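# Results of the structural survey
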Amino acid sequence: MSTQSNDDRLIGALLRIPFQATVERVRKHLAGAGFTDLTMAHYSVFQHLRPEGSRVSELAAQAQITKQSMGALVEHLERCGYVVRRPDPSDGRAALVQLTARGEALVQVARKAVQSIEMEWEAYLGSTRMEELRQTLRDLITYIEMHKHR
């Protein structure tokens, strides 16, 4: 148990605690909807998968894991019917990972769970503070993306 008060938590905890609560809530919603064959590691595939499909190497880079690890996650999701690999029209040697109907259904359940969390937080914080939080996070993302190659 931590002896730190809420007032002196470092930024890592201030970001991690709401993130972990969000992931746990999404996991519960997914399990309640029958999506019980996933681990938290599989979520990274869905978080980074573009609507038109993504290469395994792109997914791995975005998730900051090895291509082999991402390949294993994608293989599991493919066996479970969430994704399919199709030839990349821009490069016949490569494959794009795309959602199936089951994968789309999972994404919709996850989105509804996140929307529920956002509504709950907005009810607690108020709409002005919630929008300020969103804008502050957007600003931080912009800053981080501009400076990550230094």
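Quick caveat: nothing in here was measured; it's all calculated off a predicted structure.

### Re the pairing of strand E2 (residues 91-99)
Where a strand is regular, its side chains alternate between the two sheet faces. Across 6 bridges, the pairing between strand E1 (residues 83-88) and E2 is antiparallel. In the strand pairing of E2, Pro 87 is matched with Ala 95. In textbook terms, the turn of a hairpin is the stretch between consecutive antiparallel strands, and for E1 and E2 this stretch comprises 2 residues.

### Quick notes on the pattern of salt bridges
As enumerated under the stated definition, the model contains 12 salt bridges in all. Asp 91 serves as the salt-bridge partner of Arg 55, at 3.8 Å between the closest nitrogen and oxygen. Linking Arg 55 in the loop between helix H2 (40-48) and helix H3 (56-63) with Asp 91 in strand E2, this pair joins segments that are 36 residues apart in sequence. For Arg 55, a relative accessible area of 24% corresponds to the partly exposed category. The closest approach of N and O atoms between Asp 91 and Arg 93, which form a salt bridge, is 3.2 Å. Judged by its relative accessible area of 18%, Asp 91 falls in the buried class. Residues participating in the shared-partner salt-bridge network are Arg 55, Asp 88, Asp 91 and Arg 93.

### Quick word on the side chain of Ser 44
Secondary-structure assignment places Ser 44 in helix H2. For Ser 44, a relative accessible area of 15% gives the class buried. A distance of 2.9 Å separates a polar side-chain atom of Ser 44 from the backbone oxygen of Ala 41. Setting aside residues up to four positions removed in sequence, Ser 44 forms contacts with Ala 63, Met 70 and Leu 73.

### Concerning helix H5 (residues 101-125)
The end-to-end C-alpha distance of H5, which contains 25 residues, comes to 36 Å, matching closely the 36 Å that a straight helix rising 1.5 Å per residue would cover. Buried residues of H5: Gly 103, Leu 106, Val 107, Ala 110, Ala 113 and Ile 117, and no others. The elements touched by buried residues of H5 are helix H1 (11-32), H2 and E2. Taken from the residues just after H5, Gly 126 is the one with a positive phi, measuring 95°.

### Let's talk about a nonpolar patch on the surface
On the surface, Ile 11, Leu 14, Leu 15, Leu 133, Leu 137, Leu 140, Tyr 143 and Ile 144 cluster together into a nonpolar patch covering about 740 Å² of accessible area. For the nonpolar patch, the secondary structure elements donating two or more residues are H1 and helix H6 (127-147). Here the nonpolar patch takes 5 residues from H6, the largest share from any one element. Residue classification places Tyr 143 among the partly exposed residues on the basis of a relative accessible area of 48%.

### Things to note about the packing of H2 against H3
Where H2 meets H3, the closest approach of the two axes is 9 Å, and the angle between their N-to-C directions is 110°. Judged by the angle between their axes, H2 and H3 are roughly perpendicular. Here H2 runs over H3; the crossing is right-handed. Residues Ser 44, Val 45 and His 48 of H2 form the contact with H3, whose own contacting residues are Leu 59, Gln 62 and Ala 63. When the residues that make up the contact of H2 with H3 are grouped by side-chain class, the tally is 3 nonpolar, 3 polar and no charged.

### Overview of the confidence of the model for the protein chain
Averaged over the protein chain, the pLDDT score is 92; the fraction of residues at 70 or greater is 95%. Ranking the helices and strands of the protein chain by mean pLDDT puts H5 first, with 97, and E2 last, with 90.

Rules and cut-offs
- Residues numbered from 1 in each chain as written.
- Predicted model: local features only at pLDDT ≥ 70, side-chain atom pairs only at ≥ 80, totals over all residues.
- Heavy atoms only, no water.
- Pairing = 2+ DSSP bridges.
- Helix = DSSP H or I, 4+ residues; strand = E, 2+ residues; numbered from the N terminus.
- Salt bridge = Lys/Arg side-chain N within 4 Å of Asp/Glu carboxyl O.
- Buried < 20%, exposed > 50% of the residue type's maximum accessible area, 1.4 Å probe, protein only.
- Polar contact = N/O pair within 3.5 Å; in protein donor to acceptor, adjacent residues only side chain to side chain.
- Contact = heavy atoms within 4.5 Å.
- Expected span 1.5 Å × (residues − 1).
- Patch = residues over 30% accessible without salt bridge, like charges linked within 9 Å, V, L, I, M, F, W, Y side chains within 5 Å.
- Areas by Shrake-Rupley, 256 points an atom, 1.4 Å probe, with all protein chains shown as cover.
- Axes fitted to C-alpha atoms, helices over the stretch in contact; angles between N-to-C directions.
- Parallel < 35°, antiparallel > 145°, perpendicular 65-115°, else oblique.
- Left-handed = near helix turned anticlockwise from the far one by under 90°.
- Nonpolar A, V, L, I, M, F, W, Y, C, P; charged D, E, K, R; others polar.
- pLDDT = per-residue confidence, 0-100.

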